[in-house]
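The primary structure of each chain is shown beneath.
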Amino acid sequence: MSTRAVQMTGLTKTFAAPAGTHGPPVTAVDAVDLTIRPGEVVAFLGPNGAGKTTTVDMLLGLTRPTSGSVEVYGTSPRRAVAAGRVSAVLQTGGLLPDFTVRETVRAIAALHGRPDRVDHVIERARLTGLAGRLVQACSGGEQQRLKFALALVADPDLVVLDEPTTGMDVGARRDFWDTMRADAADGRTIVFATHYLAEADEFADRTVLMARGRIVADGPTADVRAAYGGRTLTFRPPAEVVHPHGVDPAWLEQVRTSLAPLGITDLDVSSASLEAAFLALTGTPQLQDTAQEALR
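Rules used in this analysis
- Residues numbered from 1 in each chain as written.
- Predicted model: local features only at pLDDT ≥ 70, side-chain atom pairs only at ≥ 80, totals over all residues.
- Heavy atoms only, no water.
- Pairing = 2+ DSSP bridges.
- Helix = DSSP H or I, 4+ residues; strand = E, 2+ residues; numbered from the N terminus.
- Axes fitted to C-alpha atoms, helices over the stretch in contact; angles between N-to-C directions.
- Buried < 20%, exposed > 50% of the residue type's maximum accessible area, 1.4 Å probe, protein only.
- Lys, Arg positive; Asp, Glu negative; His and termini not counted.
- Salt bridge = Lys/Arg side-chain N within 4 Å of Asp/Glu carboxyl O.

Colleague: Help me out: how do you make sense of the sheet that holds strand S2 (residues 26-36) in this one?
Modeller: Whenever strands of a sheet pair, they do so through backbone hydrogen bonds, lying parallel or antiparallel. In space, the 3 strands of this open sheet follow the order S2-S1-S4, with antiparallel pairing throughout. Unpaired on one side and paired on the other, S2 and strand S4 (67-72) mark the two borders of the sheet. When strand polarity is set aside, the average angle formed by the axes of neighbouring strands in this sheet is 20°. Of the pairings in the sheet, the one linking strand S1 (residues 6-15) to S2 comprises 7 bridges and is antiparallel in character. Residue pairing across strands places Thr14 opposite Thr27, the latter belonging to S2.

Have a look at this one:
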């Protein structure tokens, strides 16, 4: 078995200029090198137009690269998908509204030759109580859970998730990620794109940030979060300087010059947020350079 779940080498995708224009080809993905190991939970982030979706399309074998290569468990994406080693949960489409939840799972299981997986994936996606409900009667979050169940039918080694928890309430979102973490602990590789930066911060072991077709940050999520911006210092002032309308200005002036002798309690130092790092790392090239230096 390959020790690399995903290997991208010089991965590049260009598109011709829009019809009627005379501009140069557009480079959507620009010489991306990326290795993902089995069992990793990786957040794949980037602003609109960063090349994230095109990269995922090439990972799934939906788009061929212009140059460079991508392998999934040592073979081509199309072969990996055909072998049932890769599944995807996409944000829109793909469900038949007049089928029940169970009928939908049964149909996909039949295509994969895995009828034995029907009850397991329904339970795994916490859909047991909804098995007899029509898909069109399911909420957006419930439909996302159904797509997740379908992705698990083939018992894949790699699951690619596009905004997987859209429409889910807080409890369902946490249950979903508890399941994902358990799967990753068993060796399944999880790559997910999300606009919930707090979700990436909490659940991803590793964060990959793209901007302008290139990877601008790749590392443990805590390191990426701390790569740009300062730290936040929060403290509680002594009770005698706190008044109904705020803190005594004279004391605040003292704080600016000296903290130690003032009896400050409940000191808390926190790193910059992932959102701050995201904005810095995907902003102007100058900001990207600054943030990347901080990662080194």
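Colleague: Help me understand the side chain of Glu163, please; the structure alone is not making it clear to me.
Modeller: In this fold, Glu163 is placed in the loop between strand S6 (158-162) and helix H6 (170-185). Although Glu163 lies buried, it forms no salt bridge, and the closest oppositely charged side chain, Lys52, sits 6.4 Å away as judged by the N-O distance.

Colleague: Just to check I follow, could you spell out the pairing of strand S8 (residues 206-211) for this structure?
Modeller: Each regular strand displays side chains that alternate between the two surfaces of the sheet. Among the 6 residues that make up S8, 6 are buried, leaving the element largely enclosed by the rest of the structure. Here S8 shows a buried face lined by Arg206, Val208 and Met210 and a second buried face lined by Thr207, Leu209 and Ala211. Looking at chain direction, S8 and strand S9 (residues 214-220) are connected through 6 bridges and run antiparallel. Across the sheet, the residue bridging to Val208 is Asp218, located in S9. The antiparallel pairing of S8 with S9 creates a hairpin that spans 2 residues between the two strands, and Arg212 there sits at a positive phi of about 55°.

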